[in-house]
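Fold and geometry: a report
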Amino acid sequence: MDQSVAIQETLQREENCIIAVQCDVLLDNTTESRLLGLVESAKESESAIFIYIHRRMAITADDVSLEDIIPISTDFAVVEVSSPEELAAVGADTRVRISYEDYELELRLPFGSHSRLFLSEVNRAWSDVCKSPSSVPKFDWIEKYHKSTKGGKGNIKHSLAPLGSKLTQLNQHRKSEKSLDKKGSFEKEKGSNSDPVKSRAHSNPESQGISSREDRDDLVRSSSHTTSNKAQMLAMPQFGLRDNLIRCELLKNEDLYTYLENFSFFLGTYNVNGQTPKESLHPWLSCTLNPPDIYCVGFQELDLSKEAFFFSDTPKELEWTRAVSKGLHPDAKYALVKLVRLVGIMLLFYVKKEHAEFISDIEAETVGTGIMGRMGNKGAVAIRFHFHNSDICVVNSHLAAHIEEYERRNQDYKDICSRLQFRQLDPTQPPLTIMKHDVVLWIGDLNYRISDLDADNVKDLISKKDFESLHSYDQLKRQIDEEAVFVGFVEGEIDFQPTYKYDTGSDMWDTSEKCRVPAWCDRILWKGKNITQQHYQSHMALKTSDHKPVSSLLIIGIKRVNPEAYKKTFEEIVRNIDKMENECIPSVTLSKREFHFKDVKFMQHQAETLSLFNDGQVPCQFEFIQKPNEPTYCKPWLTANPPKGFIAQGGSVDIDLEVFVNRTTAPDLNSGKQEIEDILVLHLERGKDYFISVTGNYLPSCYGSSIHSLCQLREPVQDMPQEVLRELADMSKEENATNTEKPLDIPKELWMMVDHLFRNAIKQEDIFQQPGLRSEFAEIRDCLDTGIPDSLPGSNHSVAEALLLFLDALPEPVVPYSLYQQCLECCSNASQCEKVISMLPQCHQNVFNYLAAFLRELLKNSAHNRLDVNILVTIFASLLLKSPTKQDLAEKRKTQEFFQHFLIHGSA
């Protein structure tokens, strides 16, 4: 989980946390965990390392407490102090020493690419200081944080108060000692210049600016645990055309220098239903004869509490992680490489210690598919990594529940595939999607059920162990057969009984009032070559949850590099590039140069394919480039995927030109101030530019239109001439006052949605918490924009989500930006809050009171819909009261306190 978010919430608006890393501070014979954040002041162009005391996993600002600040100036240095034994150890952590003036701090950073990236970013910040040695950083911006630190105040030159008394004693001890023992792997003679910390921290600034950059690059490399194969080293960021051509050709000829070696992957998934571990996981995790090389263990519903849902804070993360570590195969030693969690969805990645040095490029990402596509009660977490010469992605997902919601599950799968993206080490390269890996392993509670059979018939087939017949009624099998989801994935034969639903603590099928039909909710699938499955089974011995855990053991052929063959291939590629580098100009043929997108709608994705064929004599590098005086290569509603890349000689590439109008771009398109029109410039390195025309027509929508404009419209928005919509968007409040025709009290579109929910969903379970279907939202949007039909289609959940999206897309929120600050200031005084609402423009005031009254009606039926004030306040306050700039955690809570008055007491 990205802990930089928690740090960011403690910062002022001018400062940004570039990256955060959790580490151990070494204090003689003890260690203490700290969170380090590299913080950059955009205003001053200065950087510093902020040190925080923290909870085990920092989620919000409440989880961290600022302890000290280390300015990154010419007096700053960081060097690696790992001993030779530690450097030789497989998967070992990295020990570094940070110094600033007279203070030193020894840290242990966890093994992995994230620590390497942190060191690299610190190196970049330090190098920027050294580029301008004559410009002395002042660090005035740090002063405002001193009252928050546990260290002392005072002159910024001495701002590093050495981490409390323990570190003060440690520094004094270090100053008096002449040498450290072997574990320190470091000799220090008093007055000697051999100390790398002292010599670098106090050397001439001018000489630092000239020579230290090379030293720093060596330092970062030496503190990185990289794989031994050279192909992976070439995958590090390169910006020259020649290096990119070599990399392109190496990938093209990969079969010449790689061979396959089999490794065993244990995949496990378990929906624990919010329980704590009450029994050993050994029967599940140690069910194989031989210890697996790699474990990927996924959990769902780790914590069902509201605190976990809204604040993503749960003690059960540590409890289940400990239980897994104890349950791993006893005949091998494993290292926990990565943990990622989204609310109750968690994925743990362990590797045998002897394989750890061959793991690199580790990244973790999450995506929520709950209400509005944001809430993390449903969604996925994923980890990607490079193992030897293969790229592997592991996904753990929890899809929508309920037997009839298979289309929603299909949509969740598609959303996860499209939205879950991993950043690459080369920042100029586009993010990696799930499917852009050699091997994809997908586990989780996919929630697909058994259809068209009642519970008795299902149980009868189970008792006969006729799993083949039962499987033919499985929703996931049917959807895969229809190629609706998991196209190209493989699932092993299911010869075990359904894993859901049991009475907790037993092997009895569900005896509750709902009497759920048994189903194979918990599944394991894979995609890729050279993969065989040795087992696929459930584990009935575990009774903690209403689900049974499932495991699969896969034998995967991983690509390894033959050094001699690699060297031969590399040299041949270099010779060929040397021969033709200056002889030929790159050239491509475009499939078409004009693209027209017809009837573009709000939040409806459209895509066209541009195919490039390399008809030249050399591999070519392409990129869409910015036009003069424009910030990006395209308008914000348009993207080209990929925006840059390489094409081998005689090869081709397909580029998806995608149009998607969201809440940011809709207002100007609705009013006609902007049109679907752009020119893309495709540039070839060392070649010419190609111009591509993109046009289209946008259908105006109530989504992204202002409350004021919609109250003036008695007809559907798509029936109105473009000139009228433009005039309404430009109309001032004074002009509106002189309008002869009385405006509507509230937008008719808002009334239609709320009225539908009031009549049909006042007792709907989980309303505003369970998402609707994308296809049904499209029908609802079209109905609102055209006025046909008179009643809204779709489920209650789809209408509820459509209402939230409507509020989210308003160009000016229900409480206008101009009154936002007043709302924060009076949030604790109910009468003052009502006074602010009375100051709203009349149409905004009507909408606010109308929504508040509707939500109070929902709360009267909380026994049925399971809503409470906290849930509604959390969801609606962020939509009705938006900050004109960046909103911090304290402001967010004040907006919730403000809106809560209107749900508890009502308005006067």
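Residues numbered from 1 in each chain as written. Predicted model: local features only at pLDDT ≥ 70, side-chain atom pairs only at ≥ 80, totals over all residues. Heavy atoms only, no water.

**Considering the overall build of the chain**
Regarding its fold elements, the chain presents 29 helices and 29 strands. Counting over 908 residues, the chain shows a buried share of 55%. Residue pairs in contact within the chain that sit at least 24 positions apart in sequence constitute 70% of those at least 6 positions apart. (Helix = DSSP H or I, 4+ residues; strand = E, 2+ residues; numbered from the N terminus. Buried < 20%, exposed > 50% of the residue type's maximum accessible area, 1.4 Å probe, protein only. Contact = heavy atoms within 4.5 Å.)

**Notes on the nonpolar core**
In terms of nonpolar packing, the biggest core is built from 101 residues, with Leu 657, Tyr 703, Phe 768, Phe 848 and Phe 898 touching the most fellow members. Setting aside anything within four residues of it in sequence, one finds Phe 898 in contact with Cys 823, Cys 826, Cys 827, Cys 833, Val 836, Ile 837, Phe 848 and Leu 881. Counting residues in hydrophobic clusters, the runner-up holds 48 residues, among them Leu 267, Ile 362, Ile 392 and Leu 470. (Core = buried A, V, L, I, M, F, W, Y, C linked by side-chain atoms within 4.5 Å.)

**Quick notes on the packing of helix α21 (residues 748-760) against helix α26 (residues 842-860)**
Interaxial distance between α21 and α26 falls to 11 Å at its minimum, and their mutual angle equals 10°. Overall, the two elements α21 and α26 adopt an arrangement that is roughly parallel. Seen from α21, the contacting residues are Leu 750, Trp 751, Val 754, Asp 755, Leu 757 and Phe 758; seen from α26, they are Val 847, Tyr 850, Leu 851, Phe 854 and Glu 857. When grouped by side-chain class, the residues that make up the contact of α21 with α26 number 9 nonpolar, no polar and 2 charged. (Axes fitted to C-alpha atoms, helices over the stretch in contact; angles between N-to-C directions. Parallel < 35°, antiparallel > 145°, perpendicular 65-115°, else oblique. Nonpolar A, V, L, I, M, F, W, Y, C, P; charged D, E, K, R; others polar.)

**Quick word on the sheet that holds strand β22 (residues 594-600)**
Strand pairing in a sheet relies on backbone hydrogen bonds. The paired strands run either parallel or antiparallel. With mixed pairing, 5 strands are arranged side by side in an open sheet as β22-β29-β28-β24-β26. The sheet is open, and its two borders are formed by β22 and β26 (644-647), each paired with just one other strand. On average, each strand axis in the sheet is tilted by 20° relative to the strand beside it, whichever way the strands run. Of the strand pairs in this sheet, β22 and strand β29 (residues 689-698) are connected by 5 bridges, and their pairing is parallel. (Pairing = 2+ DSSP bridges.)

**Some details on the sheet that holds strand β4 (residues 64-71)**
Read from one edge of the open sheet, 7 strands run β4-β3-β2-β1-β7-β6-β5, paired in antiparallel fashion. Only two strands of the sheet have a single neighbouring strand rather than two, namely β4 and β5 (76-80). This sheet shows a mean twist of 35° between the axes of neighbouring strands, independent of strand direction. Both strand β1 (residues 15-27) and strand β2 (residues 30-41) contribute to a ladder of 12 bridges, which runs antiparallel. Counterpart to Asp 24 in the pairing with β2 is Ser 33.

**Some words on unusual backbone geometry**
Across the junction of Tyr 500 and Lys 501, the peptide omega takes the value 5°, indicating a cis bond. Structurally, Lys 501 is set in the loop between α15 (475-481) and β18 (522-527). At the junction of Asn 641 and Pro 642, the peptide bond is cis and its omega measures out at 0° in the coordinates. Within the secondary structure, Pro 642 is located in the loop between β25 (638-641) and β26. One non-glycine residue, Phe 486, lies in positive phi territory at about 50°. Turning to its location among the elements, Phe 486 is positioned in the loop between α15 and β18. Phi is positive for Arg 866, close to 60°, though the residue is something other than glycine. Turning to its location among the elements, Arg 866 is positioned in the loop between α27 (862-865) and α28 (869-880).

**Section: helix α22 (residues 774-786)**
When the terminal C-alpha atoms of α22 are compared, their 18 Å separation across 13 residues agrees well with the 18 Å that a helix rising 1.5 Å per residue should span. Those residues of α22 lying buried are Glu 776, Phe 777, Ala 778, Ile 780, Arg 781, Cys 783, Leu 784 and Asp 785. Buried residues along α22 sit against α21 and α23 (796-809). One or two residues past the end of α22 sits Gly 787, with phi positive at roughly 80°. (Expected span 1.5 Å × (residues − 1).)

**Notes on the packing of aromatic side chains**
Under the counting rule described, the total for this entry stands at 29 aromatic pairs. Between the aromatic rings of Tyr 413 and Phe 486, the centroid separation amounts to 4.3 Å while the plane-to-plane angle is 40°, which identifies the pairing as tilted. Residue Tyr 413 is located in helix α12 (residues 406-419), and its partner Phe 486 is located in the loop between α15 and β18; the two are separated by 73 residues in the primary sequence. With respect to class, Tyr 413 is no different from Phe 486; both count as buried. A cation over a ring is seen here: Arg 409 above Tyr 448, with NZ or CZ 5.3 Å from the ring centre. (Phe/Tyr/Trp six-rings, centres within 6.5 Å; stacked < 30°, edge-to-face > 60°. Lys NZ or Arg CZ within 6 Å of the ring centre and 35° of its normal.)

**Things to note about the pattern of salt bridges**
By the definition in use, this model includes 42 salt bridges. In this structure, the salt-bridge partner of Asp 782 is Arg 781, at a minimum N-O distance of 3.1 Å. Residues Lys 860 and Glu 857 are paired through a salt bridge, measuring 2.9 Å at the closest nitrogen-oxygen approach. Here Lys 860 pairs with Glu 857, and both are found in helix α26, just 3 residues apart, close to one helical turn. (Salt bridge = Lys/Arg side-chain N within 4 Å of Asp/Glu carboxyl O.)

**Topic: the layout of surface pockets**
A probe matching the size of a water molecule, rolled over the atoms, marks out where space remains unfilled. Here the second largest pocket defines a volume of roughly 1,500 Å³. Elements with a contribution of two residues or more to the lining of the second largest pocket: α12, β25, β27 (652-659), α22 and α23. Here the lining of the second largest pocket gets 5 residues from one element, more than from any other, and that element is α12. Looking at the lining of the second largest pocket residue by residue, the classes come out as 18 nonpolar, 13 polar and 12 charged. (1 Å grid on protein atoms, 1.4 Å probe; cavity = no way out; pocket = protein on both sides within 12 Å on 5 of 7 lines; lining within 4 Å. Points joined across faces, edges and corners; volume = space filled by probe spheres on them.)

**What about the pairing of strand β7 (residues 103-109)?**
Within β7, 5 of the 7 residues are buried, leaving the element largely enclosed by the surrounding structure. Bridge count between β1 and β7: 2 bridges; the pairing is antiparallel. Bridge pairing in β7 links Asp 24 to Arg 108. Direction of pairing for strand β6 (residues 94-100) relative to β7: antiparallel, over a ladder of 7 bridges. Looking at β7, one finds that Arg 97 is bridged to Glu 106. In this structure, the hairpin formed by β6 and β7 is closed by a connection of 2 residues, where Glu 101 is found at a positive phi of approximately 55°.

**Some details on the environment of Thr 544**
One can find Thr 544 in the loop between β19 (531-538) and β20 (550-561). Each C-alpha atom, one on Thr 544 and one on Asp 503, is 9.6 Å from the other, the two residues being 41 residues apart in sequence. Thr 544 has contacts with Tyr 270, Gln 275, Thr 276, Lys 278, Glu 279, Trp 320 and Thr 504, leaving out every residue within four places of it along the chain. A polar contact is formed between the side chain of Thr 544 and the side chain of Glu 279, at a distance of 2.8 Å. (Polar contact = N/O pair within 3.5 Å; in protein donor to acceptor, adjacent residues only side chain to side chain.)

**Digging into the environment of Val 381**
Tracing the backbone shows Val 381 in strand β13 (residues 379-387). Look at Val 381 and you get buried, because its relative accessible area is 0%. Residues Val 381 and Ala 364 lie 17 residues apart in sequence; the distance between their C-alpha atoms is 7.4 Å. Residues in contact with Val 381, not counting those within four places in the same chain, are Val 340, Arg 341, Leu 342, Ile 345, Met 346, Leu 347, Glu 365, Thr 366, Val 394, Val 395 and Asn 396.

**Some thoughts on the confidence of the model for the chain**
Chain-level statistics for the chain give a pLDDT mean of 83 and a share of 83% at 70 or above. Confidence drops under a pLDDT of 50 for residues 150-239, and excluding neighbours within four residues, the segment shows 178 contacts in the predicted structure. Counting contacts from residues 732-738, a segment whose pLDDT is below 50, to residues more than four positions away or on other chains yields 5 contacts. (pLDDT = per-residue confidence, 0-100.)

**Structural notes on the environment of Leu 858**
Inspection of the secondary structure puts Leu 858 in helix α26. The spatial distance from the C-alpha of Leu 858 to the C-alpha of Ile 767 is 9.3 Å, given a sequence separation of 91 residues. The contact partners of Leu 858, leaving out residues within four places of it in the chain, are Ala 761, Ile 762, Phe 768, Asn 865 and Leu 867.

**So, the side chain of Asn 410**
Checked against the element boundaries, Asn 410 lands in helix α12. Among residues more than four places away in sequence, those in contact with Asn 410 are Tyr 448, Gln 479, Ala 484 and Val 485.

**Concerning the pairing of β2**
Counting the residues between successive antiparallel strands, the hairpin from β1 to β2 contains 2 residues, one of them, Asp 28, with a positive phi of roughly 50°. Pairing geometry for β2 and strand β3 (residues 46-54), over 7 bridges, is antiparallel. If you follow Ser 41 over to β3, its bridge partner there is Glu 46. Where β2 folds back onto β3 in an antiparallel hairpin, the turn is made up of 4 residues, including Ser 45, whose phi is positive at roughly 55°.

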